[in-house]
Amino acid sequence: MTRSRTQAPGLDRRRLLAGGLVGGAAGAVGPLLLPGAARAAGARPRLLVFTRTTGFRHSSIPVAIATISRLGDAHGFDVVATEDPERFSTTGLARHDAVAFVNTTGDVLDARQRRALEAFVTGGGGWAGVHSAADSEYTSAFHTRLLAGGRFLCHPLEQPGVVVREAASHRSTSHLPARWLIPVEEFYSFTSSVRGRSRVLLSIDESTYLQDPNTSDLPSGPALPEGRVSGVMGDHPMSWQHRVGRGLSWYTALGHEVTMYLDPLFRRHLLGGLRTVLAHGRVHRR
């Protein structure tokens, strides 16, 4: 049974959470091609940004694409943004050093496309996941492997919270304070902690925000076999990386809110993760 937050017709999960649980607490994007040659000696690193959704669609997707595009312009990598799953073929992926799933939801690839992605990553390519990449591809065992088993479980209302830096030397976190207060964000809880299966880069201090009530309390929430669940995890990673075959996976649970992409600390976090997987793919791809 999937846990995807596919939105029921006529139901707005934010309004339901706000009105029904806590009494009023607070469109598709076409392909974007940036200049860049095919992967070759001397060519700039090339990133495929994939934003297809078959479930809930985040309003932050356009600003996320624009932000990553500007980061590529400023830091020397080319960006191809698409919602076309047909790009996931052996030939199509061979043009890129890494792939980023940015706020994808639901099942977004078919079996053939999944095999192409698996061959790309296990053959040395990079993969990055942003926020609801963990709420995607529930029928793909390989996608679960990309996430080190850290599947989306539920989330509460958007609110402030303190994220804890666990990796002071990683490219995506070295610039962050030891405790990073985020003014408003949608903080995911996961089916299990990935600690021990990955290198944890960020975690969240659960004492600084309310995990419950959450989406499992809603009629439009994820279809969980256990019914209503708590978002309390105890050990609560929010960003991590791990090897997948010859490839490398990096994930951040942040990136729901439009305002996150306006935050210089988050933009550097995102840039660091993308550059990490691009550099890996550049060196390790067969």
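Provided above is the structure to which this section pertains.
Residues numbered from 1 in each chain as written. Predicted model: local features only at pLDDT ≥ 70, side-chain atom pairs only at ≥ 80, totals over all residues. Heavy atoms only, no water.

## Quick notes on the overall build of the protein chain
Each helix and strand counted, the protein chain has 6 helices and 12 strands in total. Going through the 286 residues of the protein chain one by one, you find that 57% of them count as buried. Accessible surface for the protein chain amounts to roughly 10,900 Å². Of this, 55% is attributable to carbon and sulfur atoms. (Helix = DSSP H or I, 4+ residues; strand = E, 2+ residues; numbered from the N terminus. Buried < 20%, exposed > 50% of the residue type's maximum accessible area, 1.4 Å probe, protein only. Areas by Shrake-Rupley, 256 points an atom, 1.4 Å probe, with all protein chains shown as cover.)

## Here's the deal with the environment of Val 108
Relative to the helices and strands, Val 108 is located in the loop between β4 (98-102) and α4 (111-122). Look at Val 108 and you get buried, because its relative accessible area is 0%. C-alpha of Val 108 to C-alpha of Gly 55: the two residues are 53 residues apart in sequence and 9.5 Å apart in space.

## Structural notes on the environment of His 242
Of note, His 242 is situated in strand β11 (residues 237-244). For the pair formed by His 242 and Leu 146, sequence separation is 96 residues and the distance between their alpha carbons is 8.3 Å. Excluding its chain neighbours within four sequence positions, the residues that come into contact with His 242 are Arg 145, Leu 146, Leu 147, Ala 148, Arg 197, Ser 198, Gly 247, Leu 248 and Ser 249. Within the local environment of His 242, its side chain forms a polar contact with the backbone oxygen of Arg 145, the two atoms lying 2.8 Å apart. (Contact = heavy atoms within 4.5 Å. Polar contact = N/O pair within 3.5 Å; in protein donor to acceptor, adjacent residues only side chain to side chain.)

## Quick word on the nonpolar core
Within soluble globular proteins, side chains that are nonpolar generally end up buried alongside one another. Phe 101 and Leu 117 are the most contacted members of the largest nonpolar core, which totals 67 residues. Those residues in contact with Leu 117 that sit more than four places away from it in its chain are Phe 88, Leu 93, Val 99, Phe 101, Leu 109, Trp 127, Phe 142 and Leu 146. (Core = buried A, V, L, I, M, F, W, Y, C linked by side-chain atoms within 4.5 Å.)

## Points about helix α2 (residues 61-75)
With 15 residues, α2 should reach 21 Å at 1.5 Å per residue; the first-to-last C-alpha distance of 21 Å fits that figure. Of the residues making up α2, those classed as buried are Ile 61, Val 63, Ala 64, Ile 65, Thr 67, Ile 68, Ser 69, Leu 71 and Gly 72. Where α2 terminates, the next one or two residues include Gly 76, which has phi positive at roughly 80 degrees. (Expected span 1.5 Å × (residues − 1).)

## Comments concerning the pattern of salt bridges
Counted by the stated rule, this structure contains 11 salt bridges. We note a salt bridge from Arg 114 to Asp 107, for which the minimum N-O separation is 3.4 Å. With relative accessibility at 31%, the residue Asp 107 sits in the partly exposed group. Among the ionic pairs, Arg 195 bridges to Glu 166, the shortest N-O distance being 2.9 Å. In this pair, Arg 195 is assigned in the loop between β9 (189-190) and β10 (199-204) and Glu 166 in the loop between β7 (159-165) and β8 (179-185), connecting sequence segments 29 residues apart. Residues joined by salt bridges that share partners form a network here, namely Asp 107, Arg 114 and Glu 137. (Salt bridge = Lys/Arg side-chain N within 4 Å of Asp/Glu carboxyl O.)

## What about the side chain of Ser 193?
Within the secondary structure, Ser 193 is located in the loop between β9 and β10. Among residues more than four places away in sequence, those in contact with Ser 193 are Met 233, Asp 235 and Pro 237.

## Observations regarding empty space enclosed by the protein
In this structure, the second largest cavity occupies an estimated 30 Å³ of space. Lining of the second largest cavity is provided by Leu 109, Arg 114, Leu 117, Glu 137, Ser 140, Phe 142 and His 143. Those elements that place two or more of their residues in the lining of the second largest cavity are α4 and α5 (141-146). (1 Å grid on protein atoms, 1.4 Å probe; cavity = no way out; pocket = protein on both sides within 12 Å on 5 of 7 lines; lining within 4 Å. Points joined across faces, edges and corners; volume = space filled by probe spheres on them.)

## Digging into the packing of α2 against helix α6 (residues 264-284)
Where α2 meets α6, the closest approach of the two axes is 11 Å, and the angle between their N-to-C directions is 65 degrees. By the angle between their axes, α2 is roughly perpendicular relative to α6. As α2 runs across α6, the sense of the crossing is right-handed. Along its contact with α2, which presents Thr 67, Ile 68, Leu 71 and His 75, the element α6 presents Arg 267, Leu 270, Leu 271, Leu 274 and Arg 275. Of the residues in the contact of α2 with α6, the class split is 5 nonpolar, 2 polar and 2 charged. (Axes fitted to C-alpha atoms, helices over the stretch in contact; angles between N-to-C directions. Parallel < 35°, antiparallel > 145°, perpendicular 65-115°, else oblique. Left-handed = near helix turned anticlockwise from the far one by under 90°. Nonpolar A, V, L, I, M, F, W, Y, C, P; charged D, E, K, R; others polar.)

## A look at the environment of Val 49
Locating Val 49 in the fold gives a position in strand β2 (residues 46-50). Expressed as a C-alpha distance, the spacing of Val 49 and Val 99, which sit 50 residues apart in the sequence, is 6.0 Å. Those residues in contact with Val 49, other than ones at most four positions away along the chain, are Ile 68, Val 79, Val 80, Ala 81, Thr 82, Ala 100 and Val 102.

## Things to note about unusual backbone geometry
Cis geometry is found at the peptide bond from Asp 212 to Pro 213, where omega equals 0 degrees. With respect to the secondary-structure elements, Pro 213 resides in the loop between β10 and β11. Even without being glycine, His 131 reaches a positive phi, approximately 50 degrees. Following the sequence through the fold, His 131 ends up in the loop between β5 (126-130) and α5. The backbone phi angle of Ala 148 is positive, close to 55 degrees, even though this residue is not glycine. Examined against the element boundaries, Ala 148 turns out to sit in the loop between α5 and β6 (152-154).

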